[in-house]
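Residue strings, one per chain:
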Amino acid sequence: MEYSHLTAVLRSRGELLMSGRIEEMVASYVYPLPIYMQSRCMILHSPLDAYLVFDMLRKALLERGVVTLRPQVNAVELPRGGRFRIWADWHELAFPVEETRKSSVIYYCRETEFGPQVEMINYTLTSMPELNQQFAALALTA
């Protein structure tokens with residue numbers, strides 16, 4: 001799997017999120033989808049659960065003035081049994097520039113005929129720790 005291809009896949013997912021086309025974005029995940037945010041784990045059981053979480057994230061990004069999400073693929077694991085990990089940073093380009101932040105993520109993926117699908121997400125650095133409680137509450141109600 002080439003860095004340029006994976007960067008393009010992630011960039012496309014970021015564009016889907018920011019443009020509000022979340023239904024298309026959540027189709028690239030496998031459910032149930034565990035999402036780790038430092039010491040917490042949230043399980044998204046369905047595309048609807050994922051839609052609710054990513055819609056909340058999108059609204060928070062827009063409120064902060066984020067206009068673009070730019071992924072940077074830092075490393076890709078060699079696939080074993082069709083599974084591999086991607087280490088990536090998400091740079092949130094915002095106006096005002098003081099609101100520009102970064103998240104660091106490890107994606108646990110599997111290769112499918114439709115391209116890479118994400119089976120688990122591990123945020124090693126979250127750009128909006130202030131949302132962790134809201135995400136946790138939303139996960140409990142889902």
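So, a few notes on the structure that sits alongside this text.

What counts, and at which threshold
Residues numbered from 1 in each chain as written. Predicted model: local features only at pLDDT ≥ 70, side-chain atom pairs only at ≥ 80, totals over all residues. Heavy atoms only, no water. Phe/Tyr/Trp six-rings, centres within 6.5 Å; stacked < 30°, edge-to-face > 60°. Helix = DSSP H or I, 4+ residues; strand = E, 2+ residues; numbered from the N terminus. Buried < 20%, exposed > 50% of the residue type's maximum accessible area, 1.4 Å probe, protein only. Polar contact = N/O pair within 3.5 Å; in protein donor to acceptor, adjacent residues only side chain to side chain. Contact = heavy atoms within 4.5 Å. Core = buried A, V, L, I, M, F, W, Y, C linked by side-chain atoms within 4.5 Å. Pairing = 2+ DSSP bridges. Axes fitted to C-alpha atoms, helices over the stretch in contact; angles between N-to-C directions.

### Concerning the packing of aromatic side chains
1) Next: In this structure the tally under the stated criterion is one aromatic pair.
2) Next: Summarising the aromatic geometry, the rings of Tyr29 and Phe54 are spaced 5.6 Å apart at their centres and angled 10 degrees between planes, so their arrangement reads as stacked. With Tyr29 in the loop between α2 (22-26) and β1 (33-37) and Phe54 in helix α3 (residues 47-63), this pair connects stretches of sequence that are 25 residues apart.
3) Next: Residue Tyr29 is classed as buried on the basis of its relative accessible area, which comes to 8%.
4) Next: Assessed through its relative accessible area of 6%, Phe54 is described here as buried.

### Looking at the environment of Gln72
1) Next: Relative to the assigned elements, Gln72 resides in strand β3 (residues 66-76).
2) Next: Overall, the relative accessible area of 36% leaves Gln72 in the partly exposed class.
3) Next: In the structure, Gln72 is positioned 19 residues away from His91 in sequence and 7.7 Å away in space, judged by C-alpha atoms.
4) Next: Within polar-contact distance, the side chain of Gln72 engages the side chain of Asn74 at 3.0 Å.
5) Next: Separated by 2.9 Å, the side chains of Gln72 and His91 make a polar contact.

### Thoughts on the environment of Leu48
1) Next: Note that Leu48 resides in helix α3.
2) Next: The class for Leu48 is exposed, based on a relative accessible area of 55%.
3) Next: It is 8.5 Å that separates the C-alpha atoms of Leu48 and Glu23, two residues lying 25 residues apart in sequence.

### Focus on the side chain of Ser28
1) Next: Within the secondary structure layout, Ser28 lies in the loop between α2 and β1.
2) Next: On the accessibility criterion, Ser28 (11% relative accessible area) is buried.
3) Next: Of the polar contacts made by the side chain of Ser28, one reaches the side chain of Arg13; its length is 3.2 Å.
4) Next: Excluding anything up to four places from it in sequence, Ser28 contacts Arg13, Pro116, Gln117 and Val118.

### Some words on the nonpolar core
1) Next: By size, the foremost hydrophobic cluster in this structure holds 36 residues, and its most contacted members are Phe54, Ile86, Tyr107 and Ile121.
2) Next: In terms of residue count, α3 provides more of this core than any other element does, six residues in total.

### Quick look at the sheet that holds β3
1) Next: Judged by pairing direction, the sheet is mixed, and its six strands sit side by side in the order β2-β1-β6-β5-β4-β3 without closing on themselves. Each having just a single partner strand, β2 (40-44) and β3 make up the two edges of the open sheet. Between one strand axis and the next, the sheet turns through 30 degrees on average, direction left out of account.
2) Next: Note that strand β4 (residues 83-94) and strand β5 (residues 101-112) share 10 bridges and pair antiparallel. What sits directly across from Asp89, in β5, is Ser104.
3) Next: Sitting on the sheet, helix α1 (residues 3-18) touches β3, β4, β5 and β6 (115-125), and the angle it makes with β3 is about 155 degrees.
4) Next: Of the strands in this sheet, β2, β3 and β4 are in contact with α3, which crosses β2 at around 120 degrees.

### Some words on the pairing of β3
1) Next: Where β3 lies against β4, nine bridges are found, and the strand directions are antiparallel. Within β4, the residue paired with Val76 across the bridge is Ile86.
2) Next: In this antiparallel pair of consecutive strands, β3 and β4, the connection spans six residues, and Gly81 shows a positive phi of 60 degrees.

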